[in-house]
Amino acid sequence: MEHKNLYETVVFEEIRERIHQVKADTIPLWGKMNAAQMLAHTAEVQEVTNGKPLNNTPFLVKLFSGFIKKMVINDTPYPHNTKTHPQYVQKGEKNFEKEKERLLMAISEFYNTPEQIAKEKKHPIFGAMSLEEKGWGMYKHLDHHLRQFGV
């Protein structure tokens, strides 16, 4: 199966357009997050992939990191309501416009990172990843949550 890759211009632009289609009052098709929380969640995941520290990783996540990585980069869509890392959980009120801008900035940073630097960046849980794995993994996660909100 050929994977979409967030490093590719057409895919990057598709994701940006889909993000712009989400509105503050868009109702999710599943899950507990509202639109602003979803944007904050996806921004946090993207920022960690970009190099932001990931704190308080549970022991079981570290233990099963290889299994989790395979789930992230395989062809199977994420199940609805999958448990996430504590740092990625979003509760309370979020500013929709602020979180939208934060996500757009985070994906732009990812897309615009020079190839050599992107190759050298290690994920705090998954370690070394190819550009294809990173590009597909980030697309798959964003796609999952954008579909959650019907876009």
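Anything mentioned here points back to the structure above.
Report on the accompanying structure. (Residues numbered from 1 in each chain as written. Predicted model: local features only at pLDDT ≥ 70, side-chain atom pairs only at ≥ 80, totals over all residues. Heavy atoms only, no water.)

1. Details of a nonpolar patch on the surface
Item 1. Together, Phe 59, Leu 60, Leu 63, Phe 64 and Phe 67 give the surface a local cluster of nonpolar side chains, amounting to about 600 Å² of exposed area.
Item 2. With three residues, the top contributor of residues to the nonpolar patch is helix α3 (residues 59–63).
Item 3. With respect to the element layout, Leu 63 can be found in helix α3. (Patch = residues over 30% accessible without salt bridge, like charges linked within 9 Å, V, L, I, M, F, W, Y side chains within 5 Å. Areas by Shrake-Rupley, 256 points an atom, 1.4 Å probe, with all protein chains shown as cover. Salt bridge = Lys/Arg side-chain N within 4 Å of Asp/Glu carboxyl O. Helix = DSSP H or I, 4+ residues; strand = E, 2+ residues; numbered from the N terminus.)

2. Looking at the packing of aromatic side chains
Here the distance between the centres and the angle between the planes together describe a pair of aromatic rings.
Item 1. A complete count under the given rule lists three aromatic pairs for this structure.
Item 2. Summarising the aromatic geometry, the rings of Phe 12 and Tyr 111 are spaced 4.1 Å apart at their centres and angled 10° between planes, so their arrangement reads as stacked. Here Phe 12 is found in helix α1 (residues 9–21), whereas its partner Tyr 111 is found in helix α5 (residues 96–112), with 99 residues between them in sequence.
Item 3. With a centroid separation of 6.2 Å and an interplanar angle of 25°, the aromatic rings of Trp 136 and Tyr 139 are classed as stacked. Taken together, the residues Trp 136 and Tyr 139, both in helix α7 (residues 131–148) and three residues apart, mark about one turn of the helix. In this pair, the class of Trp 136 matches that of Tyr 139, namely buried.
Item 4. Its end group placed over the ring of Tyr 78, Lys 140 keeps NZ or CZ at 4.7 Å from the ring centre. (Phe/Tyr/Trp six-rings, centres within 6.5 Å; stacked < 30°, edge-to-face > 60°. Buried < 20%, exposed > 50% of the residue type's maximum accessible area, 1.4 Å probe, protein only. Lys NZ or Arg CZ within 6 Å of the ring centre and 35° of its normal.)

Geometric values such as these leave the question of function open.
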